[in-house]
Amino acid sequence: MAAENKNIRLGLPYINNVKIVAMTLAINLLCVVASMAFHSVDLEALLTDAAFFGMITAIIDTFYIKRRVDQLARKGALPARVPQNRMMEHLPQNPLALALIIGMAFAVLTPVFNALLFLFFGFTSLSFPQFLVWRMVYTWIFSAKIVELCILRYTQNDYQNNFTAVQGGGGEVKDPMPHISTLKNYFHTITEDFGFNLVVGLVTGGTVISGTSVIIFPTTRSGIVISAVILGFLVCAQMVYPVSREIWEGVQTGSIPQVPEQHPWIAKLPASPRKFTLALILPVLGSITLILWSILTFFNLEALNFFQYFVIRTACVWLLTQGVVKLSILRFTPKPEKTVTRK
């Protein structure tokens, strides 16, 4: 139980993937600085570097994860239940062969992803500092995904049959493969968010209906504070409160186990989801304003059309969601001195 609680508190799977992702990040950083320092980066250079990233990252992550999984499997410390995936079982067990397959996939996927964003935002080139920041962002995201794929491969039954120890460890193995239900949820979220923002634009003057046309004014750097404040209140109402309430209810029903430890400064936050949300309003507003203004300023974006702003705000909300989930877990999973009954 202690191991399970620790995993929940940290929000990590049974293998501490922060270590390997950070190591991958450092290696990629050294490679980029050594090969491209102080040079502007055009689309061709960006795509070449992205393909290189996919291969080198897959090799580093695959060998590290196989070694860690083997160590845990010999001790019987892997989770007892692991999602089985037939496609993953068809992939090779040899780490070099697996790394090459995953590397080739990401050597294609990563350049395509970069090209779409590069063209979508109308960039002709990036300065080295701009490229470096963007490189570190997507290195972290894609490396984490590669780690999850490797973990899933080496926890499949066909590979685990090589070990005699019965696995009974805590934690959870994620299935990072996309599912139809997940894609549907993303689609509904995007369409609902899109429609909601159109309505907000009509109320605030950012959207105008002229005849049969709907005109959406661009979001400018000078006016980003107003947009950020509006977005901040929407995030608190649509994300912070529902997330904190779901975690609070999970603790009350016992579906989310509690831990005895409590962080002193987090203990000062309200113990009910409503008050917890109210306490986070100013930090959320400040964080969103800072993130949006920093992105527009750092990448020299004077104005964004609706779709460009929509992509950036979606990434911003996703980032905040990760923080709110972790903060809610830290606040609500420790055993309180008194039972809270109010929502």
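Residues numbered from 1 in each chain as written. Predicted model: local features only at pLDDT ≥ 70, side-chain atom pairs only at ≥ 80, totals over all residues. Heavy atoms only, no water.

Chemist: It is not clear to me how the nonpolar core should be interpreted in this structure. Could you clarify?
Modeler: Most often, soluble globular proteins have nonpolar side chains that are buried together. In this structure, Phe131, Val240, Val284, Ile288 and Leu292 are the most contacted members of the largest nonpolar core, which totals 45 residues. Mapped by element, the contributors of at least two residues to this core are α2 (17-36), α5 (95-120), α6 (128-154), α9 (224-253), α10 (273-298) and α11 (306-332). Ranked by the residues each element gives to this core, the list is headed by α9, at 11 residues. The residues contacting Leu292, other than those within four sequence positions of it, are Ile224, Ala228, Leu231, Tyr309, Ile312 and Cys316. With 29 residues, the next largest nonpolar core counts Ile20, Leu72, Cys150 and Tyr159 among its residues. (Core = buried A, V, L, I, M, F, W, Y, C linked by side-chain atoms within 4.5 Å. Buried < 20%, exposed > 50% of the residue type's maximum accessible area, 1.4 Å probe, protein only. Helix = DSSP H or I, 4+ residues; strand = E, 2+ residues; numbered from the N terminus. Contact = heavy atoms within 4.5 Å.)

Chemist: What should I look at first to understand the packing of aromatic side chains in this one?
Modeler: The relation between two aromatic rings is expressed through the spacing of the ring centres and the mutual angle of the planes. Taken as a whole and judged by the stated rule, the model has 15 aromatic pairs. Between Phe113 and Trp134, the aromatic rings sit 5.9 Å apart at their centres with planes inclined by 25°, giving stacked as the arrangement. Of this pair, Phe113 sits in helix α5 while Trp134 sits in helix α6, and the two are 21 residues apart along the sequence. What makes Phe113 partly exposed here is its relative accessible area of 30%. Aromatic ring contacts, followed pair by pair, group Phe53, Phe106, Phe113, Trp134, Tyr138 and Phe142 into a single cluster. (Phe/Tyr/Trp six-rings, centres within 6.5 Å; stacked < 30°, edge-to-face > 60°.)

Chemist: Please clarify how a nonpolar patch on the surface should be interpreted in this entry.
Modeler: Taken together, Val18, Val133, Val137, Trp140, Ile141 and Phe298 make up a surface patch of nonpolar side chains, about 470 Å² in accessible area. Top contributing element to the nonpolar patch by residue count: α6, with 4 residues. Relative to the helices and strands, Val137 resides in helix α6. Classification of Val137 by relative accessible area gives partly exposed; the value is 36%. (Patch = residues over 30% accessible without salt bridge, like charges linked within 9 Å, V, L, I, M, F, W, Y side chains within 5 Å. Areas by Shrake-Rupley, 256 points an atom, 1.4 Å probe, with all protein chains shown as cover. Salt bridge = Lys/Arg side-chain N within 4 Å of Asp/Glu carboxyl O.)

Chemist: Just to check I follow, could you spell out the environment of Ile224 for this structure?
Modeler: For Ile224, the position within the fold is in helix α9. For the pair Ile224 and Ala303, spaced 79 residues apart in sequence, the C-alpha to C-alpha distance is 9.3 Å. Among residues more than four places away in sequence, those in contact with Ile224 are Thr219, Leu292, Trp293, Leu296 and Tyr309.

Chemist: I tried to follow α9 on my own but got confused; where do I start?
Modeler: For an α-helix, the turn length of 3.6 residues means that residues three or four places apart are oriented alike. Helix length check: α9, at 30 residues, gives a terminal C-alpha distance of 41 Å against a target of 44 Å (1.5 Å per residue), a fit within 8%. Maximum bend of α9: about 40°, positioned at Cys236. (Expected span 1.5 Å × (residues − 1). Bend = angle between axes of the 7 residues up to and from the residue.)

Chemist: Would you mind going over the pattern of salt bridges with me for this structure?
Modeler: A side chain of one charge can pair with a side chain of the opposite charge if their charged atoms are brought near each other. What the rule picks out here adds up to 5 salt bridges. With a closest N to O distance of 3.4 Å, Lys145 and Glu148 form a salt bridge. With Lys145 and Glu148 both in helix α6, this residue pair falls 3 residues apart, about one helical turn. With relative accessibility at 34%, the residue Lys145 sits in the partly exposed group. Among the residues examined, Glu148 registers a relative accessible area of 14% and is labelled buried. For Asp158, the salt bridge identified is with Arg153, shortest N-O distance 2.9 Å.

The values are spatial; any link to function lies outside them.
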